[in-house]
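Chain and residue survey
For reference, the chains in residue letters:
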Amino acid sequence: MTALNSKLQRAIQTLLQEGVLSSASHLASVDSTNTEAARWIQQISHSHPPSSLEKSLLPRLVVADEQTAGRGRMGRSWTARHDGLAFSLVWPGYHELTSIAVGVAIAETIEYLVGPTRCGLKWPNDVWMLEQKVAGVLIERVDQPKSETVIESKPLLIIGIGLNIGSSPRLDELATTSLVEATGRLISQAEVLAELVPRLIERLQELSGQTSDVVASFRSRCVLTSRGVRCVVDGQVVEGICRGIEDSGELLVQTPAGMQRCRSGEVTQVRLA
Ligand code: BTN
């Protein structure tokens, strides 16, 4: 049996002892931490009604030293290196700015750990350093079954984060980097996790109150602003100049037909005629 990364194990123990997390699972190897988190929800919901699940076991962290079949957005796969960080956080409740808040938390953590440096955010939540992707996020929603006593229960979110630390995968379609390649600074998975998880939870908690700060933080790092972009709005492909994000987190695209708001999907950069 492979030994677990001991530094990572200690970092998780500290997060549990400090009450940042309510439960955690650390695995030597797993197909995908998001899939593992979904399996856990499926299993635990038999014995825990939604309210007790939230009170006693959430937020829950699922971390793996090795991920063999990591999943990315839009059906892509996520190639995680042994020297990268792959984890999922099970979080109660959806907010329209969840994606935005997650990207901001990752960017702020990287800047704090390896600064002075500035990260860019490519909508909705890819994190860039030096115009190359350093981290990606896959958020999946699990609706909890309604019971006789609970009419309305919060959906659970599985927030999966993959961050290149020591090296980056070579992908044909995308320029990628890692913390070490972008800054020359050596940093461990444990250090990143210990800093990122509390910040992520703080940013997610803030969404139940004032949201202007997280939106402003995203806007100041938005790499698409003023650039030509292509995305899909209401089933139609639109091209135009990105004008940043709306207070609701939608991407604003100025087109000859007026301002369009992109809510989901992939955005690509294009050269406009
Ligand atoms: C993307 O950029 O397309 C999103 C990548 C998300 C990868 C992370 S790694 C941890 C978690 N488990 C997965 O299978 N995917 C996410």
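Residues numbered from 1 in each chain as written. Predicted model: local features only at pLDDT ≥ 70, side-chain atom pairs only at ≥ 80, totals over all residues. Heavy atoms only, no water.

As recorded in an unreviewed UniProt entry, the chain goes by the name biotin--[biotin carboxyl-carrier protein] ligase, listed as coming from Neorhodopirellula pilleata. UniProt, in its Catalytic activity (unreviewed entry) section for the chain, records the words "biotin + L-lysyl-[protein] + ATP = N(6)-biotinyl-L-lysyl-[protein] + AMP + diphosphate + H(+)". (UniProt positions renumbered as here; feature names shortened; annotations may be inferred.)

A separate point is the state of the cysteines. According to the stated counting rule, one finds 0 disulfides in the structure shown. Take Cys119: it sits in no disulfide, and the sulfur closest to it among the cysteines is that of Cys222, at 14 Å. Accessibility expressed as a relative area gives 3% for Cys119, which makes it buried. There is no disulfide at Cys231, and the cysteine sulfur nearest it, in Cys262, is 3.7 Å away. On the accessibility criterion, Cys231 (2% relative accessible area) is buried. (Disulfide = S-S within 2.5 Å. Buried < 20%, exposed > 50% of the residue type's maximum accessible area, 1.4 Å probe, protein only.)

What follows covers the site of the ligand. Taken together, 21 residues surround the ligand, and among them Ser32, Gln67, Arg71, Arg73 and Lys133 come closest. One of the side-chain N or O atoms of Gln67 is found 2.9 Å from a nitrogen atom in the ligand. Within the side chain of Lys133, a nitrogen or oxygen atom sits 2.5 Å from an oxygen atom of the ligand. Coverage of the ligand by the protein chains reaches 99% of its 420 Å² of free accessible surface. In terms of residue count, strand β8 (residues 132-142) provides more of the shell around the ligand than any other element does, 4 residues in total. Classifying every residue of the shell around the ligand by side-chain character gives 6 nonpolar, 10 polar and 5 charged. (Near = heavy atom within 4 Å. Polar contact = N/O pair within 3.5 Å; in protein donor to acceptor, adjacent residues only side chain to side chain. Areas by Shrake-Rupley, 256 points an atom, 1.4 Å probe, with all protein chains shown as cover. Helix = DSSP H or I, 4+ residues; strand = E, 2+ residues; numbered from the N terminus. Nonpolar A, V, L, I, M, F, W, Y, C, P; charged D, E, K, R; others polar.)

The next subject is the packing of helix α1 (residues 6-17) against helix α6 (residues 189-206). The contact between α1 and α6 brings their axes to 8 Å, and the two run at 20°. Taken together, the axis directions place α1 and α6 in an arrangement best described as roughly parallel. For α1 against α6, the interelement crossing comes out right-handed. In this structure, α1 contributes Lys7, Leu8, Ala11, Ile12 and Leu15 to the contact, and α6 contributes Gln189, Ala190, Leu193, Ala194, Val197 and Pro198. Considering only residue class, the contact of α1 with α6 consists of 9 nonpolar, 1 polar and 1 charged. (Axes fitted to C-alpha atoms, helices over the stretch in contact; angles between N-to-C directions. Parallel < 35°, antiparallel > 145°, perpendicular 65-115°, else oblique. Left-handed = near helix turned anticlockwise from the far one by under 90°. Contact = heavy atoms within 4.5 Å.)

It is worth spelling out the packing of aromatic side chains at this point. For the structure shown, the criterion picks out 0 aromatic pairs. Against the face of Tyr112 rests Arg199, its NZ or CZ located 4.9 Å from the ring centre. (Phe/Tyr/Trp six-rings, centres within 6.5 Å; stacked < 30°, edge-to-face > 60°. Lys NZ or Arg CZ within 6 Å of the ring centre and 35° of its normal.)

Let's shift gears to the side chain of Asn164. When you line up the elements, Asn164 lands in the loop between β9 (156-163) and α5 (179-183). In terms of polar contacts, Asn164 uses its side chain to reach the backbone carbonyl oxygen of Thr177, at 3.0 Å. Beyond its immediate chain neighbours, meaning those up to four positions away, Asn164 contacts Trp78, Lys133, Val134, Pro169, Thr176, Thr177, Ser178 and Leu179.

This next bit is on the sheet that holds strand β14 (residues 268-269). As summarised here, the arrangement of the 5 strands in space is β13-β12-β11-β10-β14, forming an open sheet in which the pairing is antiparallel. Whereas interior strands pair on both sides, the edge strands pair on one side only; in this sheet they are β13 (258-262) and β14. Note: strand β11 (residues 236-245) against strand β12 (residues 251-255), 3 bridges, orientation antiparallel. Residue pairing for β12: Ile245 is matched across the bridge by Leu251. (Pairing = 2+ DSSP bridges.)

Splitting the chain by domain gives domain 1 (6-219) and domain 2 (228-269). Relative to domain 2, the C-alpha centre of domain 1 lies at a distance of 26 Å. Taken together, the contacts link 13 residues of domain 1 with 14 residues of domain 2. Across the domain 1/domain 2 interface, buried area totals approximately 1100 Å², and carbon plus sulfur atoms make up 53% of it. At the boundary of domain 1 with domain 2, the tally comes to 3 salt bridges. For Arg76, the salt bridge identified is with Glu266, shortest N-O distance 3.2 Å. The interface formed by domain 1 and domain 2 includes 7 residue pairs in polar contact (both at pLDDT 80 or more). By residue number, the principal contributor to the side of domain 1 that touches domain 2 is helix α7 (residues 212-219), which donates 3 residues. Among the residues forming the side of domain 1 that touches domain 2, the class breakdown is 8 nonpolar, no polar and 5 charged. (Domains from an automatic or database assignment. Buried area = accessible area lost by both parts, 1.4 Å probe. Salt bridge = Lys/Arg side-chain N within 4 Å of Asp/Glu carboxyl O.)

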